[in-house]
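Report on the structure
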Amino acid sequence: MSMERADIAFKVNGAAVSVCVPPVRRLSSVLRDELHLTGTKVGCDAGDCGACTVLVDGEPVCACLMSVASAAGTVVTTVEGLANGRLSALQASFLDHGAAQCGICTPGLLVAATALLDSKPNPTEAETQDALGGVLCRCTGYRKIIAAVMDASRHADGVDRRMPQSGHAVGSSPIRLDGLPKVTGGEKFGGDSFPADALAVLVVRSPHYHARFAFGDLDAWIKAHPGAVGVYTAADIPGKNSFGVIAPFADQPALAEGFSRFRGEAVALVAGEREAMLDLDLSDFPVRWTELPHVLQPCEAQAGGAQLIHENRPANLLTTGFVERGDPEAALAGAAFTVSGAIDTSYVEHGYIEPEAGYAYMDGETLVVVACTQAPYMDRDDVAKVLGLAVDKVRIVPTATGGGFGSKLDVSLQPLIGLVAMKTGRPAALAYTRNESMISTTKRHPAEMKATIGADADGRIIGMVFAGDFNTGAYASWGPTVANRVPVHASGPYATPNYRAEGRAIHTNGPISGAFRGFGVPQATIMQETLYDELAEKLGLDRLDFRLKNCLRNGSETVTGQRLESGVGIAECLEALRPHWMRALVDAELFNAGSSTKKRGVGVASCWYGCGNTSLPNPSTIKVGISASGDVVLHQGAVDIGQGSNTVIAQICADALGLPLGKFRLKSADTAITPDAGKTSASRQTFVTGKAAEKAGRALRETMLRFANVSEKAVIALDGASLVIREGEATRHIDLSALKADADGFVFRAEESYDPPTLPLDAKGQGKPYAVYGYGAQIAELEVDLRLGTAKLIKITAAHDIGKAINPLLAEGQIEGGIAQGIGMALMEEYIPGRTENLHDYLIPTIGDVPPIETILIEVPDPEGPFGAKGLGEHVLIPTAPAILNAIRHATGVLVTKIPATPSRIRAAIREKEARR
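One structure accompanies this document, and this report is about it. In this text the structure is predicted, and so the values were computed from the model without any measurement. Numbering of residues begins from 1 in every chain and follows the order in which that chain's sequence is written. Predicted model: local features are reported for residues with pLDDT of at least 70 only, side-chain atom pairs are reported and counted for 80 or more only, and whole-chain, interface and lining totals are derived from all residues. Values shown for side chains rest on all heavy atoms present in the structure; no hydrogens or waters enter the calculation.

Attention shifts here to the overall build of the chain. Across its full length, the chain holds 23 helices and 33 strands. Atoms counted for the radius of gyration: C-alpha only. Globule rule: 2.2 Å times residue count to the power 0.38. For a compact globule of 917 residues, the expected C-alpha radius of gyration is about 29 Å, and the chain comes in at 28 Å, within 12% of that figure. Overall size of the chain, expressed as C-alpha extent along the three principal axes, is 85 × 80 × 60 Å. Contacts are assigned to residue pairs with any non-hydrogen atoms lying within 4.5 Å of each other. Pairs at least 24 residues apart make up 77% of the contacts formed inside the chain by residues separated by at least 6 positions. Per element, the accessible surface of the chain, about 31,800 Å² overall, is 51% carbon and sulfur. The chain carries 86 positive and 103 negative side-chain charges, and their two centres are separated by 3 Å. Strands here mean DSSP runs of E at least two residues long; helices mean DSSP runs of H or I at least four residues long; both are numbered from the N terminus. Throughout, the Shrake-Rupley method with a 1.4 Å probe supplies accessible areas, and for residues the shown protein chains are the sole cover considered. Lys and Arg are tallied as positive, Asp and Glu as negative. Neither His nor the chain termini are counted. Note that the charge is assigned to NZ on lysines, CZ on arginines, CG on aspartates and CD on glutamates.

See the structure below:
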């Protein structure tokens, strides 16, 4: 039975409104669904994320916690009301500072900051942090947000934010091409544009880690619930009920058949009219569960007699990655010094502020899915397979994506809404709740690792062995990628002549582990870098000097036998940190001399990371053309999830073409019109898609020059619909509108692909797994309260070699955001199935948890990358956690071996040390 409705009147953004809705409905829902003010975002419906912050009579409130009845007679301001026709000074400042990345949290931050600036036009950093502390951001690391708010008073109201019309694009930091809608509330994310007539879809999920189930009378249940249209189960799936990001390992059903393998697995769909679905209680849904034995830890899954989670995977082993070089046992036996250790890491939740959302509809015989994603072409192929459609009968149209970090590479709701749209002929829409998102989507792999490293008397690494068991959960997802990438990287960016590393992906009934910024390398780096500190101490060497002594250089060979001829920038990163390292050590020594209850520590750690797939094809294709009206139209299929690919790839193409960035118009990813630029993962877009964009830009330039019969030295320009070509004293004007346009509306066009040159790994993991590596190193400074076990970060200094900084401001933003996630991994983030399935119990860093970050961009060009550029997105998270753990050890003398290093674990390690005295 639907709730009683009432007429409720209030003002929104200066206009009087009246809505007829149930008085208890959330203000956030009314603003979005009734008034179509979708700039107010919903990330949790529990007041935990702050994305729905609006002003009510000038005061910031979480609209998801306020009933619409409570808003009666008030004045409400949403992000759409801040601009008033022209950008506010704060919105302009956000654009200039790069304070909006994915943009999903930006409206809430802007609204909360507006209230602050109304009372304090020049706030301090502490006041800014206090005012914005209730709004979570997962992308930026908050530092650019703080700077934008504190600097807002310097921005003239309504500044015009157009692109520069001249000058080189590469190396500059224009505002991001997709920046304006992020600060006005105009950006449309997965849940922002559901059709008015769309059926709402609810998902019935397993409450058990492992269970058999059977359905009762579904037809009778439907009839008993007015507004419900249908129930759909695995029996309704017309294609192959199995998906997965790596085809040979694909094993996950879109809807489970007969039994579920993990808590949160989808078993049925209920579709109905939106109003009916809002009030529908699924507790009486006719499904009977029989709980079965389950295993959540790899050791349990590998124990003799353990039930197989997949019958075709003996001992619950999904796959193993392996790299061996030289004779590590002999090297370690002959080493002057060796260290050994073991470290365990936890599940980590991606924690993007946008839960999965989208809608699907039939366009003739074509199924169209409009949803947030990192991999539209992979989505298309999996949806087609599950729903029994030809690939060309599925179209994926990505929305803006409110953070992904790897988890939105796997399909989630795409085949579910597609099934309902096919079965009913009506649009079908679904937005996951925060709980649904957290229980059903992928996590960072928990790891159980052990390693031994040996050095000679001069401090040179001579051997290393590493073994890691990675809990891949109930289904494969990216488990094979993690298992294979870890052994390649577990040495760190150091010359290691004798080496053996094994990574094993093991099935449990836990959450599915997938891709999360680093594909297992952050876990392995914690193991390696903490042992490096211990080894440096045994050798009596400065920890930074020890790393410099052993780091890879041009001409070095990696543990896979790959010779790195050029572009190796790790030494430059470490050298750039030296003055900061020396200063930090002195600061710590002075502080510790005067403090007994708190101790300061300094830690350092390095990283390297291969850009793109490991020893596999990894192509990107870019299409660019000149329209008859004189626009440069870039078909940019690399999904921008906040990292800035829309802008960076356009900058690369602009300079390759020789036309200003201001002339470019983007056509973003859409499988019907945009070539496949590959998935947004593995720090590949700037390098791989950027290289394709560089090639396409150069090819288009060459086509135009040939048409005009001029040499490569000619300068081209666009003046309206006229192409102006200058060579020497001669100037020629070509009327573009007089030329014949092709089906895309182009009078000149180019389409180019790039696939990095790699070689397969042999049985011992020898080969060329990546064409380009990026490098970095970070210093963490912190204080530990020895009585409480709390660690307070003071500063992080980060030096990253990115080859060429295509857009320095966006690069800084990536570094700061990655560091924030590394802080979470090191100190607080631990997803515990059944316990931390919301953003209240699962902690991610807030604006007060991220210290000042000093970024040093190192540019050691790689000849393979576009303009010498390397990838960055993944690298920046990798050194943070080990640097923090090394700093805790420096402060306290103890290494926490179960991550995250929570206060209770730090305190327990200190007590254990004291007990040994």
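Inspection of the secondary structure puts Glu 694 in helix α20 (residues 685-708). Relative accessible area decides the class of each residue, using a 1.4 Å probe on protein chains only: under 20% of the type maximum gives buried, over 50% gives exposed, and in between gives partly exposed. Residue class for Glu 694 comes out buried when judged on its relative accessible area of 7%. Apart from the residues within four sequence positions on either side, Glu 694 is in contact with Ile 652, Ala 656, Pro 866 and Phe 867.

What the five strands build is an open sheet, ordered β2-β1-β5-β3-β4; its pairing is mixed. With partners counted over all chains shown, the strands left at the sheet margins are β2 (15-21) and β4 (59-62), one partner each. Within the sheet, the average angular offset between the axes of one strand and its neighbour, ignoring direction, is 40°. Pairing between two strands requires that DSSP report at least two bridges joining them. Strand direction decides the pairing type here: strand β3 (residues 53-56) and β4, joined by four bridges, are antiparallel. By the bridge assignment, Thr 53 is partnered in β4 with Cys 62. Against the sheet, helix α1 (residues 27-34) touches β1 (6-12), β2, β3 and β5 (75-77), its axis set at about 105° to β2. Helix-sheet contacts for helix α4 (residues 106-119) involve β3, β4 and β5, and the interaxial angle to β3 is about 35°. Fitted lines through C-alpha atoms serve as axes, helices being fitted only where they are in contact, and the angles separating the N-to-C directions of these axes extend from 0 to 180 degrees.

The element strand β17 (residues 394-398) is extensively covered by neighbouring structure, given that four of its five residues are classed as buried. Bridge count between strand β16 (residues 366-371) and β17: five bridges; the pairing is parallel. Its bridge partner being in β17, Ala 371 is matched across the sheet by Pro 398. In this fold, the crossover linking β16 to β17 by way of helix α12 (residues 376-387) has right-handed handedness. For the handedness criterion, the strands are oriented away from the viewer, and a crossover whose path from the first strand over the helix to the second runs clockwise is classed as right-handed.

As for its position among the elements, Glu 365 is in the loop between β15 (357-363) and β16. Separated by 57 residues in sequence, Glu 365 and Met 422 have C-alpha atoms that sit 9.5 Å apart.

What follows covers the sheet that holds strand β8 (residues 228-232). Strand order in the open sheet made by the seven strands is β8-β10-β6-β18-β15-β16-β17, with mixed pairing throughout. Each of the sheet's edge strands pairs with one partner strand only, and the pair in question is β8 and β17. Adjacent strand axes in the sheet meet at a mean angle of 25° when their direction is disregarded. Pairing analysis gives four bridges linking β15 to strand β18 (residues 428-431), with the strands arranged antiparallel. If you follow Ala 360 over to β18, its bridge partner there is Ala 428.

Here the nonpolar core consists of buried residues drawn from Ala, Val, Leu, Ile, Met, Phe, Trp, Tyr and Cys, with membership extended through side-chain atoms lying within 4.5 Å. Among the nonpolar cores identified, the biggest contains 153 residues, and Phe 94, Phe 466 and Ile 884 are the most heavily contacted of them. In terms of residues, this core owes the most to one element, helix α16 (residues 521-539), which gives nine residues. What Phe 94 contacts, discounting residues up to four positions off in sequence, is Ala 99, Ala 100, Thr 106, Leu 109, Leu 110, Ile 145, Ala 148, Val 149 and Val 183. Formed by 46 residues, the second largest nonpolar core is a distinct cluster that contains Ile 622, Leu 661, Ala 714 and Ile 716.

So, about the environment of Val 602. Residue position: Val 602 is located in strand β23 (residues 598-610). In this structure Val 602 comes out as buried when scored by relative accessible area, which is 0%. Note: C-alpha distance between Val 602 and Arg 889 (287 residues apart in sequence) is 8.7 Å. When near neighbours in sequence (up to four residues on either side) are disregarded, Val 602 contacts Arg 543, Trp 581, Ala 584, Leu 585, Ala 588, Ile 779, Ala 780, Glu 781, Asn 886, Ala 887 and His 890.

With that settled, the discussion passes to the pattern of salt bridges. Salt bridge, as used here, is a side-chain nitrogen of Lys or Arg placed within 4 Å of a carboxyl oxygen of Asp or Glu. The final tally for this structure, using the stated rule, is 54 salt bridges. Where Glu 127 meets Lys 120, a salt bridge forms, and the shortest distance between an N and an O atom there is 3.2 Å. For Glu 127, a relative accessible area of 27% translates into the label partly exposed. Judged by its relative accessible area of 37%, Lys 120 falls in the partly exposed class. The salt bridge involving Glu 436 is made with Arg 205; its shortest N-O contact spans 3.0 Å. Of this pair, Glu 436 sits in helix α14 (residues 434-440) while Arg 205 is found in strand β6 (residues 199-205), placing the two residues 231 residues apart along the sequence.

Contact pair helix α21 (residues 808-827) / helix α22 (residues 880-892): the axes reach a minimum separation of 8 Å and the direction vectors enclose 50°. In terms of orientation, α21 and α22 fall into the oblique class. Relative to α22, α21 is oriented so that their crossing is right-handed. In contact with Gly 818, Ile 819, Gly 822, Ile 823, Ala 826 and Leu 827 of α21, α22 contributes Thr 880, Ala 881, Ile 884 and Ile 888. By residue class, the composition of the contact of α21 with α22 is seven nonpolar, three polar and no charged. Angle categories are assigned with fixed cut-offs, so that under 35 degrees is roughly parallel, over 145 is roughly antiparallel, 65 to 115 is roughly perpendicular, and the rest are oblique. The sense of a crossing depends on the near helix, which, turned anticlockwise from the far helix by less than a right angle, makes the crossing left-handed and, turned clockwise, makes it right-handed. Any residue that is not Ala, Val, Leu, Ile, Met, Phe, Trp, Tyr, Cys, Pro, Asp, Glu, Lys or Arg is counted as polar, Gly included; the first ten are nonpolar and the last four charged.

We now examine α12. Counted at 1.5 Å a residue, the expected span for α12 with its twelve residues is 16 Å, and the 16 Å between its end C-alpha atoms agrees. Summarising burial for α12: nine of the twelve residues are buried, a large majority. Pro 376, Tyr 377, Asp 379, Arg 380, Asp 382, Val 383, Ala 384, Val 386 and Leu 387 are the residues of α12 that are buried. Residues of α12 that are buried sit in contact with β16, β17 and α13 (414-424). Of the residues flanking the end of α12, it is Gly 388, one or two places downstream, whose phi is positive at about 70°. Expected helix span is taken as 1.5 Å per residue step, with the number of steps being one fewer than the number of residues.

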